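Breakdown of the fold
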Amino acid sequence: MEIAKNMDLYKKLEILSDAAKYDVACTSSGIDRKGSGKGMGNCTAAGICHSFSADGRCIALLKILFTNECVFDCKYCVNRSSNDVERAAFTPDEVCRLTIEFYRRNYIEGLFLSSGILKSPSYTMELLYQTLYKLRHEYHFEGYIHVKAIPGAPQELIEKTGFLADRMSVNLELPTAESLRRLAPHKTRKKILAPMRQVQLSRKEHKNELMLFKNAPQFVPAGQSTQMIIGATPENDYQILSVAESLYQKFELKRVFYSAFVQVNQDAELPALPGGPPLLREHRLYQADWLLRFYGFGAGELLSEKRPNFNVFLDPKCDWALSHLEQFPVEINRADYYTLLRVPGIGPKSAQRIIKARRISSLDFADLKRAGVVLKRAIYFITCSGRQMYPLKIEEDFILRNLMYSQSRTPAETVTYRQLSLFDDDRVFGEVPQQLLQAGV
Amino acid sequence: MVIFQCEDSVDGIFTGVYDAWDSRIGHEAVALRLREKMDLELFAEYREVETDAQKAAKVARSVRSKMGQDAYRVIYQAALSAYPEKADCIYRVIVHGMSANVTKYEAQNVIWNLQSRDVCRVFELSRKVGNEAHRYFQFVRFRELDSGVLFSEIQAENQVLPLIGEHFSDRFPNENFMIYDNGHNDCLIHGKQRPWFILRDTSPDEVAKDQLAVREEEMQELWKGFCRSISVEARENRGLQRQFWPLKFRRWMTEG
């Protein structure tokens, strides 16, 4: 394990971006900041994705490791010390120059700096701090910076770094302490949560200070995030979502990211995934995550001990609506915002538009379509001025079949009535697939 | 029917609104068309609208004060759209919001009245233009020329330059940069520590725009290499990539 000296920049960037690619958090959101007019850069709260890689994920930040040298030996990680991979390390100046040159060509929104553990956590954190300090004060960079807080690094160092970064994150790595013990022997849950709590408390403290002094320095203004690996350990969706919920509530995180486990190492402790990474599961978790953050759902409403995993065929919101049909139909012209949000096919934007538009006159189905409501899903759950669009049964089986088979269209009236024929068959709805029967829906 | 022909610009359309209203013919009997994008109609009288910055400013001011800043933003963005009949829709919306019998509360909310066909159209146009502008926050790519100027070429459907100027000049106050929209033949120009402006019907020097700075190619190679190595092979999904990053943008981009 030699760090090659005199490696050229291209090669280094290749190795260290390749090593960072399994980190999922590439967002540049959470803070609106104008440029000061002296340096370079600003931030937009919505975040800006500048490019998209071949896997369809966004490239918003220059996502690199400072070094992929690591003293830890986590079983799932490509950079673990027992792996024989090419190792490299940047110098602080190289990172700064790359960031600035990429930024001024509008390639990126900022820097995402993570690192393997070189020598010790505090030594590594010190290097990250120095890099950020240079970037902010010598290169006058005012764009977005996301940096990792390294568990085990001294508090003062994390504190100092926090004033230079926009977002900090500590990776939870695995959903439960037990899994962590098994796959990441050098890390403990307690050690990971300590810096997370520290960042949370410092943020609170400095927010209070900001109320008193307008120009007090901001500490991690875009909040903190974390990520969990999904599918490397046997937790179910309910456990994972509950962990996420408590992170949002108890640690005030801005985001929890889920990363479908990608097999990079062969290890007896790791599961074999012949079907590739569990992408659908990851997708369902993200859908549920949005429901937690923007739709006012609780983890306990979506899943339970008895039904611990998401429905493969339906998104969590439709799934929830189908098992709570007693709350539907919802009257579009009367229902309050939070009730509207619970209707499949209506999101925060369309719900807000509905509320604004109905102040002026009542809405019908054509208006809903213009407001951006996805009618092919919403139609089963709503009425406009007391009427449904078509006479539809509010019945679990019927809605489920239609949601699944008419993915792209709203059901015509003919679906509710069937012409009797001598050659009656199931062609109207098609056969119920075996998988569905097994899943028991 | 009296048809007012106006220039395809925000000022042109607002002047058209002013003239059509001021003519006192009656809102039902007038229509607005863009000079460049219209078919002649039988049984109509045509009047030319001379673009007048003062008249346009008056319209803008009253829209702001009566219908609110949100409504102004929506109408302004819609006026940048490539839709040929935008002028008339905008006129109808403004009439809707500023008629004498409309209360202040109603006027402030006209823009959310999606039940009205014209409001809805303007709203859609505005959203499209706004979305395209955001795409160019993402996909503008600068290259450094040997003069030190950052140059970028785009091909926009709608006139997005006025919407992205503020963002880029706030971001790069110390750079000389230029964004050329070859679809409309407009240039957005920003000089170091100076305000930005747009030159209409101007194309940049063909030779100068291809003379790259010394380290430019190296940077481009680094960036392309980064885009390749950041992708996880096990998750490859070109369809998803195309959905977020349509092919039409890639032609003008470094890594495209």
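None of these values were measured; they are calculated from a predicted model.

In this section: the overall build of chain A. The helix and strand tally for chain A stands at 16 helices and ten strands. Referenced to the eigenvectors of the C-alpha coordinate spread, the extents of chain A come out at roughly 80 × 55 × 40 Å. Expressed as a percentage of its 441 residues, the buried residues of chain A come to 56%. Residue pairs at least 24 apart in sequence account for 67% of intrachain contacts in chain A once pairs closer than 6 positions are excluded. Carbon and sulfur atoms provide 52% of the accessible area of chain A, an area that totals close to 19700 Å². Here chain A carries 58 positive and 50 negative side-chain charges, and the mean point of each set is 4 Å from the other.

Okay, the domain arrangement of chain B next. Residue and element names in this part refer to chain B. Examined at the domain level, chain B breaks down into domain 1 (2–132) and domain 2 (140–250). The centre of domain 1, based on its C-alpha atoms, is set 32 Å off from the matching centre of domain 2. Of the residues lining the interface, twelve residues belong to domain 1; the matching set on domain 2 comes to eight residues. With both chains or domains summed, domain 1 and domain 2 bury close to 890 Å², and 51% of this area falls on carbon and sulfur atoms. When the buried area of domain 1 at its contact with domain 2 is split by residue, Leu80, Ala82 and Glu132 rank highest and sum to 59% of it. Where domain 1 touches domain 2, the interface holds zero salt bridges. Our count for the domain 1 to domain 2 interface comes out at four residue pairs in polar contact (both at pLDDT 80 or more). Those elements giving two or more residues to the side of domain 1 that touches domain 2 turn out to be helix H3 (69–79) and helix H6 (117–139). Of the residues in the side of domain 1 that touches domain 2, the class split is four nonpolar, three polar and five charged.

All names here are of chain A. Between its first and last C-alpha, helix H6 (residues 189–212) extends 36 Å over 24 residues, near the 34 Å set by a 1.5 Å rise per residue. Of the residues making up H6, those classed as buried are Ile192, Pro195, Met196, Gln198, Val199, Gln200, Ser202, Arg203 and His206. In this structure, the buried side of H6 is in contact with helix H4 (155–162), strand E6 (167–169), helix H5 (177–183), strand E7 (224–230) and helix H7 (237–250).

This part is about the interface of chain A and chain B. Taken together, the contacts link 59 residues of chain A with 57 residues of chain B. Interface area for chain A against chain B, summed over the two sides, is near 5300 Å², with a carbon-plus-sulfur share of 55%. Summed over the shared surface of chain A and chain B, the number is seven salt bridges. Inspection of the chain A/chain B interface yields 33 residue pairs in polar contact (both at pLDDT 80 or more). For the side of chain A that touches chain B, the residue count by class is 26 nonpolar, 15 polar and 18 charged.

Turning our eyes to something else, we now look at the packing of H4(A) against H6(A). Residue and element names in this part refer to chain A. Packing of H4 against H6 leaves a shortest axis separation of 11 Å and a crossing angle of 50 degrees. By the angle class used here, H4 and H6 are oblique. The handedness of the crossing between H4 and H6 is right-handed. Here Gln155, Ile158 and Glu159 of H4 lie close against H6, whose contacting residues are Pro195, Gln198, Val199, Ser202 and His206.

Take the pattern of salt bridges next. Evaluation of the coordinates by the stated rule reveals 43 salt bridges over all chains. For Arg104(A), the salt bridge goes to Glu101(A), with nearest N and O atoms at 3.4 Å. With Arg104(A) and Glu101(A) both in helix H2 (residues 92–104) and three residues apart, the pair spans about one turn of that helix. Owing to a relative accessible area of 21%, Glu101(A) belongs among the partly exposed residues under this scheme. The salt bridge partner of Glu236(B) is Arg238(B), with a shortest N-O separation of 3.6 Å. Among the residues examined, Glu236(B) registers a relative accessible area of 48% and is labelled partly exposed.

Before going further, it helps to examine the packing of aromatic side chains. In total, this model carries 30 aromatic pairs over all chains according to the counting rule given. When the centroid spacing of 5.2 Å and the interplanar angle of 75 degrees are considered together, the rings of Phe163(A) and Phe219(A) count as edge-to-face. Residue Phe163(A) is found in the loop between H4 and E6, and its partner Phe219(A) is found in the loop between H6 and E7; the two are separated by 56 residues along the sequence. Judged by relative accessible area, which is 29%, Phe163(A) ranks as partly exposed. Here Phe172(B) and Phe177(B) contribute two aromatic rings whose centre-to-centre distance is 6.3 Å and whose plane-to-plane angle is 80 degrees, an arrangement assigned as edge-to-face. Taken together, the aromatic side chains of Tyr103(A), Phe141(A), Phe137(B), Phe142(B), Phe168(B), Phe172(B) and Phe177(B) make up a single cluster linked through ring pairs. Lying across the ring of Phe251(A), Arg197(A) places its NZ or CZ 4.1 Å from the centre.

Residue and element names in this part refer to chain B. As summarised here, the arrangement of the three strands in space is E2-E1-E3, forming an open sheet in which the pairing is parallel. The strands lining the two open edges of the sheet, one partner per strand, are strand E2 (30–34) and strand E3 (45–48). Averaged over all pairs of adjacent strands, the angle between strand axes in this sheet comes to 30 degrees, irrespective of strand direction. Its contacts with the sheet put helix H1 (residues 10–22) on strand E1 (2–6) and E2, and the angle it makes with E2 is roughly 160 degrees.

This next bit is on the sheet that holds strand E5 (residues 144–148) of chain A. Residues and elements named next belong to chain A. Taken in spatial order, the six strands line up as E3-E4-E5-E6-E7-E8 in an open sheet, and their pairing is parallel. Of all strands in the sheet, those bounded by a partner on one side alone are strand E3 (61–65) and strand E8 (255–260). Within the sheet, the average angular offset between the axes of one strand and its neighbour, ignoring direction, is 20 degrees. For E5 and E6, the ladder comprises three bridges, and the chain directions are parallel. Across the sheet, the residue bridging to Val147 is Met168, located in E6.

The subject of this paragraph is helix H3 (residues 121–137) of chain A. Residue and element names in this part refer to chain A. End to end, H3 covers 24 Å across 17 residues, agreeing with the expected 24 Å (1.5 Å per residue, within 8%). If you check which residues of H3 are buried, you get Pro121, Thr124, Met125, Leu127, Leu128, Tyr129, Thr131, Leu132, Leu135 and Arg136. Summarising the contacts, the buried residues of H3 are in contact with H2, strand E4 (110–114), E5, H4 and E6.

Cut-off values and rules
- Residues numbered from 1 in each chain as written.
- Chains lettered and ligands numbered in written order.
- Predicted model: local features only at pLDDT ≥ 70, side-chain atom pairs only at ≥ 80, totals over all residues.
- Heavy atoms only, no water.
- Helix = DSSP H or I, 4+ residues; strand = E, 2+ residues; numbered from the N terminus.
- Buried < 20%, exposed > 50% of the residue type's maximum accessible area, 1.4 Å probe, protein only.
- Contact = heavy atoms within 4.5 Å.
- Areas by Shrake-Rupley, 256 points an atom, 1.4 Å probe, with all protein chains shown as cover.
- Lys, Arg positive; Asp, Glu negative; His and termini not counted.
- Charge placed at Lys NZ, Arg CZ, Asp CG, Glu CD.
- Domains from an automatic or database assignment.
- Buried area = accessible area lost by both parts, 1.4 Å probe.
- Salt bridge = Lys/Arg side-chain N within 4 Å of Asp/Glu carboxyl O.
- Polar contact = N/O pair within 3.5 Å; in protein donor to acceptor, adjacent residues only side chain to side chain.
- Nonpolar A, V, L, I, M, F, W, Y, C, P; charged D, E, K, R; others polar.
- Expected span 1.5 Å × (residues − 1).
- Axes fitted to C-alpha atoms, helices over the stretch in contact; angles between N-to-C directions.
- Parallel < 35°, antiparallel > 145°, perpendicular 65-115°, else oblique.
- Left-handed = near helix turned anticlockwise from the far one by under 90°.
- Phe/Tyr/Trp six-rings, centres within 6.5 Å; stacked < 30°, edge-to-face > 60°.
- Lys NZ or Arg CZ within 6 Å of the ring centre and 35° of its normal.
- Pairing = 2+ DSSP bridges.

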